[in-house]
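Letter by letter, the chains look like this.
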Amino acid sequence: MLKYVNTDVVFQEIPNEVTLAVNVSGCPCRCPGCHSKYLWEDTGLPLDKDSIDQLIATVNDHITCVAFMGGDADPKGIDQLARHIKEQHPELKVAWYSGRTCLSAMIDKQHFDYLKIGPYIRHLGGLQSETTNQRLYRRTTGDKFIDITHLMRHDNSPRK
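**Description of the overall build of the chain**
When helices and strands are tallied, the chain shows 2 helices and 8 strands. Helices and strands appear in the chain in the N-to-C order β-β-β-α-β-α-β-β-β-β. Against the globule reference of 15 Å for 160 residues, the chain gives a C-alpha radius of gyration of 15 Å, in line with a compact fold. Put simply, the chain has 160 residues, and 44% of those count as buried. Accessible area of the chain: about 8,400 Å², with a carbon and sulfur share of 49%. Counting 19 positive and 20 negative side-chain charges, the chain places the centres of these two groups 7 Å from one another.

Structure below.
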């Protein structure tokens, strides 16, 4: 069962989006240098269709995107929630950050508008770093995505 620890409305996670970031617990990746070690534990509140609807309702007038930060222990569950958001909240975009190096076969990429993949490796840096191993992709059509990692660089803010 998916659980989340907390949420926040963020402005730099996804370019040009006001994003509800949902921090999912139970991360199996355990990246060295992780800045969110509290998400390694299986803790928090249940994350299901009802709870995601409640979270969206509390900030819906202010957000354009929902991003699942983690969820690698249950990619099928993340996919089901993404599909639910697409069906029930079609005005919102959906993003997922997976700490894996490749996406799970258990997801349908058409349920996502943005996909960020790759473990955090401290000496390579995050998305703002020229040497990062992480990649941020934006869906163009169907299940086709383009790499937009370069948009996250320069002064730690996305370029248009």
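Structure's up, so let's keep going.
**Topic: the environment of Thr58**
On the secondary structure map, Thr58 appears in helix H1 (residues 49-59). With 75 residues separating them in the primary sequence, Thr58 and Asn133 have C-alpha atoms 34 Å apart. Engagement of the side chain of Thr58 in a polar contact is seen with the backbone oxygen of Leu55, the distance being 2.7 Å.

**Digging into the packing of H1 against helix H2 (residues 75-88)**
H2 packs onto H1 with a crossing angle of 50 degrees between their chain directions and a minimal axis gap of 10 Å. When the axes of H1 and H2 are compared, the pair comes out oblique. The two elements H1 and H2 cross, and the hand of that crossing is right-handed. Taking contact as the criterion, the partners of Lys49, Ile52, Asp53 and Ile56 in H1 are, on H2, Leu81, His84 and Ile85. Broken down by class, the residue content of the contact of H1 with H2 amounts to 4 nonpolar, 1 polar and 2 charged.

**Here's the deal with the confidence of the model for the chain**
If pLDDT is low for a region, its predicted coordinates should not be looked at in detail. With 96% of its residues at a pLDDT of at least 70, the chain reaches an overall mean of 92. When the criterion is pLDDT under 50, residues 155-160 qualifies, and its contacts beyond four places in sequence or with other chains add up to 14 contacts.

**Looking at the pattern of salt bridges**
Under the counting rule described, the total for this entry stands at 6 salt bridges. Measuring nitrogen to oxygen at the nearest pair gives 2.8 Å for the salt bridge that ties Lys93 to Glu17. Of the two residues, Lys93 sits in strand E5 (residues 93-98) while Glu17 sits in the loop between strand E1 (3-10) and strand E2 (19-24), which places them 76 residues apart along the sequence. Between Arg139 and Asp113 there is a salt bridge, and its shortest N-O distance comes to 3.2 Å. Taken together, the residues Arg139 in strand E7 (residues 135-141) and Asp113 in the loop between E5 and strand E6 (114-117) connect sequence positions 26 residues apart.

**Let's talk about the sheet that holds E2**
Strand order across the open sheet formed by 8 strands is E3-E1-E2-E4-E5-E6-E7-E8, with mixed pairing between neighbours. Looking along the sheet, the strands with just one partner apiece sit at the ends: strand E3 (45-46) and strand E8 (144-147). Pairing between E6 and E7: 4 bridges, direction antiparallel. Bridge pairing in E7 links Lys116 to Leu136. On the sheet, H2 packs against E2, strand E4 (65-69), E5 and E7 and is oriented at approximately 165 degrees with respect to E5.

**Quick word on H1**
Among the residues making up H1, those that are buried are Ser51, Ile52, Leu55, Ile56 and Val59. One face of H1 carries all of its buried residues, which in axial projection span an arc of 135 degrees. Those residues of H1 that are exposed and aimed more than 90 degrees away from the buried face are Asp50, Gln54, Ala57 and Thr58. The inward-facing, buried residues of H1 abut E1, E2, E3, E4 and H2. One side-chain oxygen of the residue at the start of H1 lies 3.2 Å from the amide nitrogen of Asp50, identifying that residue as Asp48.

**Topic: the packing of aromatic side chains**
The way to describe two aromatic rings as a pair is by their centre distance and the angle between their planes. This structure, assessed with the given rule, holds 1 aromatic pair. Sitting above the plane of the Tyr97 ring, Lys116 keeps its charged end 4.4 Å from the centroid.

Conventions we followed
- Residues numbered from 1 in each chain as written.
- Predicted model: local features only at pLDDT ≥ 70, side-chain atom pairs only at ≥ 80, totals over all residues.
- Heavy atoms only, no water.
- Helix = DSSP H or I, 4+ residues; strand = E, 2+ residues; numbered from the N terminus.
- Rg over C-alpha atoms; globule rule 2.2 N^0.38 Å.
- Buried < 20%, exposed > 50% of the residue type's maximum accessible area, 1.4 Å probe, protein only.
- Areas by Shrake-Rupley, 256 points an atom, 1.4 Å probe, with all protein chains shown as cover.
- Lys, Arg positive; Asp, Glu negative; His and termini not counted.
- Charge placed at Lys NZ, Arg CZ, Asp CG, Glu CD.
- Polar contact = N/O pair within 3.5 Å; in protein donor to acceptor, adjacent residues only side chain to side chain.
- Axes fitted to C-alpha atoms, helices over the stretch in contact; angles between N-to-C directions.
- Parallel < 35°, antiparallel > 145°, perpendicular 65-115°, else oblique.
- Left-handed = near helix turned anticlockwise from the far one by under 90°.
- Contact = heavy atoms within 4.5 Å.
- Nonpolar A, V, L, I, M, F, W, Y, C, P; charged D, E, K, R; others polar.
- pLDDT = per-residue confidence, 0-100.
- Salt bridge = Lys/Arg side-chain N within 4 Å of Asp/Glu carboxyl O.
- Pairing = 2+ DSSP bridges.
- Arc of directions from axis to C-beta.
- Phe/Tyr/Trp six-rings, centres within 6.5 Å; stacked < 30°, edge-to-face > 60°.
- Lys NZ or Arg CZ within 6 Å of the ring centre and 35° of its normal.

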